[in-house]
Every structure is written in structure tokens, then in C-alpha cells.
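# Coordinate analysis (summary)
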Amino acid sequence: AQRTQLDIASGATSRKDRDIANKRFFELNNKLGVEAEPMIDPYSKFMKQMLTQGRTADEAFSIYKDMSIATRSAGLGQVSMERQAYALQQIFGLGYAQGDELNKQLVDANPAMLGYIQDQYTKQTGKPRETFKKAVSNREISWLLMPTSKHLLQVPVVYKSLQEL
């Protein structure tokens, strides 16, 4: 059952490409020092959501990888990675961040994310941070403000960790 989940999440059509994608998933977990088996379900759901949103499998994996590295770089563990993958899956699915996904899931899983998202909001909208809470209530925090590989590279500890992988 888990092999099937990974195969579907890979977005690949050939057995060879599915095996390459699955190996990439297991190698990432090994490098991060987390157990791969409990990560299969959140990873698979995240990947399927990204593919549904029109991202390529490589783009989706890159976001997942960078989120995982950022989490581990912040000293957080596997449960945080699972919770963030789930929260991002919901945010990307809705197209915006609701208060619950943002505060109770994503930020609880990795508190540093709130500051990052608020900074992105300020940079991309030109509005002051004080308007952020109201923007969340008005469903104005779109998935465009959520972490991507490009944005995560701006965090020095994450950049250093990415260079090591």
C-alpha cells in the first residue's frame, strides 16, 4: 500500500521514473535523519496536492525538500515535518491561508514560519505587518506567500543546509 502511495505521488508514468522518485524520497529522509515510513502518507498527500495544482513533480519535491530541510535546520523533528506538509497541502488546496491552517498547524509546527510569512506579506503587498491579521481573516494570504524553494534559500541556515545536501 505504501509503495502504491509513493508511486502515485511520484507523478511518473514509467516504473523506472517512479523508482527514481521513490529513491529520492528515501534518500532525503535518510540525510535528514528521520524515519521514512511515517512520512509516506503526508508526503504522498502533499505531492498529490501540488501535482493537482499544476506543479511538476520536481517543483513539488523541491518545495517538500526545502520545507523538510528548513524544519530540521530549526531543530524540529519528524512530527513538525508531518504537520507542516499537511498544513501546506491544505493551504495550497484552498489557495489561501485560513487562520486555523496558519496558526494552529503551520506556525505551531514551525514557529519561525509566521515571521517569514509576515515578511513575505509585507514585501509582496507593501502593507505594514499590522494589517497581516486582518488579511488572514479576509483570506488575502494566498499560497503565493507561502514558502517556496526560492524563498527558503533566503534564510542563511537553510541555504547552508541545502548546500550540504
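Refer to the structure above for everything that follows.
Residues numbered from 1 in each chain as written. Predicted model: local features only at pLDDT ≥ 70, side-chain atom pairs only at ≥ 80, totals over all residues. Heavy atoms only, no water.

## A few points about the overall build of the protein
A tally of regular secondary structure across the protein gives 10 helices and 0 strands. Put simply, the protein runs from its N terminus to its C terminus through helices and strands in the order α-α-α-α-α-α-α-α-α-α. Restricting to contacts in the protein with at least 6 residues of sequence separation, those with at least 24 account for 59%. Element-wise, carbon and sulfur atoms account for 51% of the exposed surface of the protein, whose accessible area totals about 8,500 Å². (Helix = DSSP H or I, 4+ residues; strand = E, 2+ residues; numbered from the N terminus. Contact = heavy atoms within 4.5 Å. Areas by Shrake-Rupley, 256 points an atom, 1.4 Å probe, with all protein chains shown as cover.)

## Some words on the packing of aromatic side chains
Taken as a whole and judged by the stated rule, the model has 6 aromatic pairs. A ring pair is formed by tyrosine 43 and tyrosine 64, whose centres lie 4.9 Å apart and whose planes are at 70°; its orientation type is edge-to-face. Note that tyrosine 43 is positioned in helix 3 (residues 40-52) and tyrosine 64 in helix 4 (residues 57-73), a separation of 21 residues in sequence. One exposure class covers both tyrosine 43 and tyrosine 64, and it is buried. By way of ring pairs, the aromatic residues Phe25, Phe26, Tyr43, Phe46, Phe61 and Tyr64 are connected into one cluster. (Phe/Tyr/Trp six-rings, centres within 6.5 Å; stacked < 30°, edge-to-face > 60°. Buried < 20%, exposed > 50% of the residue type's maximum accessible area, 1.4 Å probe, protein only.)

## Things to note about the nonpolar core
Phe25, Tyr43, Phe46, Tyr64, Leu102, Leu106 and Ile141 are the most contacted members of the largest nonpolar core, which totals 37 residues. Where this core is concerned, the elements lending two or more residues are helix 1 (2-10), helix 2 (15-32), helix 3, helix 4, helix 5 (78-94), helix 6 (99-109), helix 7 (112-125) and helix 8 (132-137). If we ignore the near neighbours within four places in the chain, the residues touching leucine 102 are Ala97, Val107, Ile117, Phe132 and Val136. (Core = buried A, V, L, I, M, F, W, Y, C linked by side-chain atoms within 4.5 Å.)

## A look at the pattern of salt bridges
Per the stated rule, a full pass over the model turns up 9 salt bridges. Close ionic contact of arginine 15 with aspartate 7 constitutes a salt bridge, the shortest N to O distance being 2.7 Å. The exposure class assigned to arginine 15 is partly exposed, which follows from its relative accessible area of 32%. For aspartate 7, a relative accessible area of 12% gives the class buried. Note that lysine 23 and glutamate 27 form a salt bridge whose closest N and O atoms lie 3.8 Å from each other. (Salt bridge = Lys/Arg side-chain N within 4 Å of Asp/Glu carboxyl O.)

## What about the packing of helix 2 against helix 4?
In the contact formed by helix 2 and helix 4, the axes pass within 11 Å of each other and the chain directions differ by 10°. Taken together, helix 2 and helix 4 sit at an angle that is classed as roughly parallel. Only Ala57, Asp58, Phe61, Tyr64, Lys65, Ser68, Ile69 and Arg72 of helix 4 make contact with helix 2, whose side of the interface consists of Arg24, Phe25, Leu28 and Leu32. Among the residues making up the contact of helix 2 with helix 4, the classes are represented as 7 nonpolar, 1 polar and 4 charged. (Axes fitted to C-alpha atoms, helices over the stretch in contact; angles between N-to-C directions. Parallel < 35°, antiparallel > 145°, perpendicular 65-115°, else oblique. Nonpolar A, V, L, I, M, F, W, Y, C, P; charged D, E, K, R; others polar.)

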